Amino acid sequence: MKDDPRKKITLMVTLIILIILFVLKPYAIIYGVQRGSLYALVAIPLALTLGIVGILNLAHGDFLTLGAYLSYWFFTSLGLDPTVSIVLIVPLMFAIGAGLYKLTISRVLKAPLLNQLLLTFGLAMIIEESINLIFTSRPRNIFVNYASSSVRIGKLQFGVYEFTYTLAAVGVLLFLLYFLKKTKLGKAAFAVGQNPRGARIIGINVEMIYLLIFSMSVGMVGIASALILPRMSIFPLVGAPFTLKSFCLAAMAGLGNLKGILWSGLILGIGEAVIQSIEGYSGWADIVFFGVLIVVIITRSYRGSYS
Amino acid sequence: MKGRKWIYILIALMAGFLLPFYVGPYPLGIMTNVFTYMALGLSWDMMLRAGQLSFGTSGFFGLGGYTALLTTLYLGLDPLLSIFVGGIFSALVAFVLGYIILRLRGIYFAITTLALAGVFTVIARNLHDFTGGPEGKILPTTIFDGNPTYIYWLTFSIALGTILVSELFQRTKIRFAITAMRNDEITAQSSGIDIFKYLLFVFVITSAIQGIVGGAYAQQYGFVSPESTFSSNFLLLPIAMCLTGGIYSTLGPIIGSIILGILSEYLKLRFPYGHLLIYGIIIVVIVLLMPRGILGFLKSFRYRFSKGGETG
């Protein structure tokens, strides 16, 4: 694979485009990288569940919302800093994921695809509407002064807080790669993802792996939840678009390609930021992902990867 | 037995047609809503019967609504005619999109259609001069000058037409192709069924229905806006209704939409802010406990009952 000339050409073209863009619109690249890292950070857990448990969780983005509101609640009632509250949010989200898995997801694993999709769709609605009932649709935000710190390089001045998304995305990715390739539990999970029946035959507790992976991915979304709070207004639908964008990234990277999600996230983020920086067309940034998705579908269907 | 069935259908038709003469405008409005959601639910179920879960309902509904309203506004088209233009436009868009996304199956198709309403919303919001942007557009008059009886008859006939199409799908040759595709695509393909062609056909027809329903809805209120016209209500409610009644049939969505449609009015009065939550719970509970809905439950109950009768 490393000597694939087409891959080299793609890489070169991408680099050249990036350099040109950086000269023309430096801010678009910086914001794009920040935004794209966030997309990747949210998409990696979705891809993990999709790859190993085999469930497309349509409530994925709403878990992001749920975590953000938890973090908001910790901040307002206990005065806990969002970045500190990660240590509470992640286990809490893990527990919520485990509970939901036991109560609902585990019952539809053998059911037709339709039931799985409808179930998670129903869960998404329940989370959105419950938050809407409890916190109302009024946008909430908090202020912590480190979130607005910025740095100046030459003529460019930009916020640095968002680079925590990049750090977190790379951290989560490295952790997962280590987990899946090096630890015994991770290797078992990897095996379950490849062939659940085979894994069961050799004595892996498949049910337990599913439970673990699903809860882990909900827990990982909690990291993103706490990190976005200082820089974003949150409202009941804040996470919903992330479901679609995460799926778009998973489709771009291809199933089982966790590393690819980071690159896909950066491409999507930069693409959106470039569109947003064009005057008068900023509102169109929200459908970049759909265009990307359609292009991915068409190229894949010509190559025959899907059928 | 067969003759009795036709009598029931005739009675239901007469009751549906004569309803405006017996009830006031408020119950009539509720029934208008019921028929709107019934047509949406049936069209969603028709796609489901072909084995593909589509979340595009609210998208094509809104598209039809926008088309109907804008053609009346700019071209002075007769409102009744514009509703059908809305259906045709939805069908066209479904044809072009379906040509691409129907190469996908299962989750890939489902999630791509889930994006549609959002994409259309963004387009409607950003074409300021044409669609009125975030504020939307308002017509000076509503269809039939807002006469509730005529509006009721309009949605009643749309729902009736949808039921007819749904029954045609169930009774003609198409049904075998569709059922075969749902059960096992590869076997269907090797039996000589052109899956892509059939799926595209069903997708275009159901989207046209959704467009027509959307057109009628927009003309009924004389108003479109990105958030209200592409609202996820028009996706969530039909799905909940079909699941409640029972999927893969014509009767299921009809029963479900009547039950939930009337219940939702009550819920709206009791819980003005939380009624959508209840639909979410209904979907989850039914998927988990009663995946074939009320109809499936009754069928299995009757089956068990008659079997018990034979042995006993």
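On a predicted model such as this, the values are computed, not experimentally measured, just so you know.

Quick look at the overall build of chain A now. The helix and strand inventory of chain A stands at 12 helices and 2 strands. A compact globule built from 307 residues would reach a C-alpha radius of gyration of about 19 Å, and chain A, at 20 Å, matches this within 12%. With 307 residues in all, chain A has 46% of them scored as buried.

You can see Val170 of chain A is positioned in helix H6 (residues 163-182). It is 8.4 Å that separates the C-alpha atoms of Val170 of chain A and Ser37 of chain A, two residues lying 133 residues apart in sequence.

Across the boundary between the two partners, chain A contributes 32 residues, which contact 32 residues of chain B. Of all the secondary-structure elements, those providing two or more residues to the side of chain A that touches chain B are helix H4 (82-108), helix H5 (113-135), helix H10 (240-253) and helix H12 (288-303) of chain A. A total of 14 residues in the side of chain A that touches chain B trace back to one element, the largest contributor, which is H5 of chain A. Looking at side-chain class alone, the side of chain A that touches chain B contains 23 nonpolar, 6 polar and 3 charged residues.

Attention now moves to the packing of helix H3 (residues 60-78) of chain A against H5 of chain A. Residues and elements named next belong to chain A. Following both chains from N to C, one finds H3 and H5 inclined at 30 degrees, their axes separated by 9 Å at the closest point. Our classification of the angle between H3 and H5 gives roughly parallel. The handedness of the crossing between H3 and H5 comes out as left-handed. Counted together, Asp62, Thr65, Leu66 and Tyr69 of H3 and Ala124, Ile127, Glu128, Ile131 and Phe135 of H5 form the full contact between these two elements. Taken together, the residues of the contact of H3 with H5 break down into 6 nonpolar, 1 polar and 2 charged.

On to unusual backbone geometry, then. Phi at Thr136 of chain A takes a positive value of approximately 60 degrees, unusual for a residue other than glycine. The class for Thr136 of chain A is exposed, based on 12 C-beta atoms found within 10 Å. The phi torsion at Tyr248 of chain B lies on the positive side, around 65 degrees, for a residue other than glycine. Turning to its location among the elements, Tyr248 of chain B is positioned in the loop between helix H12 (233-245) and helix H13 (251-270). Judged by the 19 C-beta atoms lying within 10 Å of it, Tyr248 of chain B falls in the partly exposed class.

Let's shift gears to the pairing of strand S1 (residues 150-153) of chain A. All names here are of chain A. The pairing of S1 with strand S2 (residues 156-159) spans 4 bridges and is classified as antiparallel. Paired with Ser150 across the bridge in S2 is Gly159. With antiparallel pairing between neighbouring strands as the criterion, S1 and S2 make up a hairpin whose turn holds 2 residues, including Gly154 at a positive phi of roughly 60 degrees.

Here we take up H5 of chain A. Think of an α-helix as 3.6 residues a turn; residues three or four steps apart then line up on the same face. When the terminal C-alpha atoms of H5 of chain A are compared, their 33 Å separation across 23 residues agrees well with the 33 Å that a helix rising 1.5 Å per residue should span. Remark: Thr136 of chain A follows H5 of chain A within two positions and exhibits a positive phi of approximately 60 degrees.

Turning next to the environment of Pro291 of chain B. Following the sequence through the fold, Pro291 of chain B ends up in the loop between helix H14 (275-289) and helix H15 (293-311). For the pair Pro291 of chain B and Leu243 of chain B, spaced 48 residues apart in sequence, the C-alpha separation works out to 7.2 Å. With residues near it in sequence (within four places) discarded, Pro291 of chain B still touches Asn115 of chain A together with Ile286 of chain B.

Another aspect to go through is the nonpolar core. Of all hydrophobic cores here, the largest spans 185 residues; its most connected members are Leu41 of chain A together with Ile283 of chain B. No other element matches helix H2 (residues 26-53) of chain A, which puts 17 residues into this core. With residues near it in sequence (within four places) discarded, Ile283 of chain B still touches Leu118, Phe121, Gly122 and Met125 of chain A together with Ile239, Ala240 and Leu243 of chain B.

To describe two helices that pack against each other, one gives the angle between their axes and the distance between the axes. Residue and element names in this part refer to chain A. Interhelical geometry of H2 versus H6 gives an angle of 30 degrees and a closest axis separation of 7 Å. Classified by the interaxial angle, the pair formed by H2 and H6 is roughly parallel. The two elements H2 and H6 cross, and the hand of that crossing is left-handed. Of the residues in H6, those touching H2 at Val33, Gln34, Ser37, Leu38, Ala40, Leu41, Ile44 and Leu48 are Phe163, Tyr165, Thr166, Ala168, Ala169, Val172, Leu173 and Leu176. Each residue belonging to the contact of H2 with H6 can be placed in one class, and the counts come to 13 nonpolar, 3 polar and no charged.

What counts as what
- Per chain, the residues get numbers from 1 upward, laid out in the order the sequence is written.
- Numbering of ligands from 1 and lettering of chains from A proceed in the order in which they are written.
- Local features are withheld for residues below a pLDDT of 70 in this predicted model, meaning they are given only at 70 or higher, and side-chain atom pairs are given and counted only at 80 or more; totals for whole chains, interfaces and linings count all residues.
- Only runs of H or I of at least four residues qualify as helices and only runs of E of at least two qualify as strands under DSSP, and these elements are numbered from the N terminus.
- Between the two quantities, the radius of gyration covers C-alpha atoms and the globule rule is 2.2 Å times the number of residues to the power 0.38.
- Labels follow a simple rule on C-beta atoms placed from the backbone: if 20 or more others lie within 10 Å of a residue's own, it is buried; if 12 or fewer, it is exposed; otherwise it is partly exposed.
- Two residues qualify as a contact pair if the distance between their C-beta atoms, derived from the backbone, is within 7 Å.
- The nonpolar class holds Ala, Val, Leu, Ile, Met, Phe, Trp, Tyr, Cys and Pro. Asp, Glu, Lys and Arg form the charged class, and all remaining residues, Gly among them, are polar.
- Where helices are involved, their axes are fitted lines through C-alpha atoms of the stretch in contact, as for all axes, and angles between N-to-C directions lie from 0 to 180°.
- Orientation categories follow fixed angle ranges, with anything under 35 degrees roughly parallel, anything over 145 roughly antiparallel, 65 to 115 roughly perpendicular, and all other angles oblique.
- If you view the pair so one helix is near and one far, a crossing is left-handed when the near helix is turned anticlockwise from the far one by less than a right angle, and right-handed when it is turned clockwise.
- For two strands to pair, DSSP has to find at least two bridges joining them.
- The length a helix should cover is 1.5 Å for every residue beyond the first.
- Any set of buried Ala, Val, Leu, Ile, Met, Phe, Trp, Tyr and Cys residues joined through C-beta atoms within 7 Å is what this text calls a nonpolar core.

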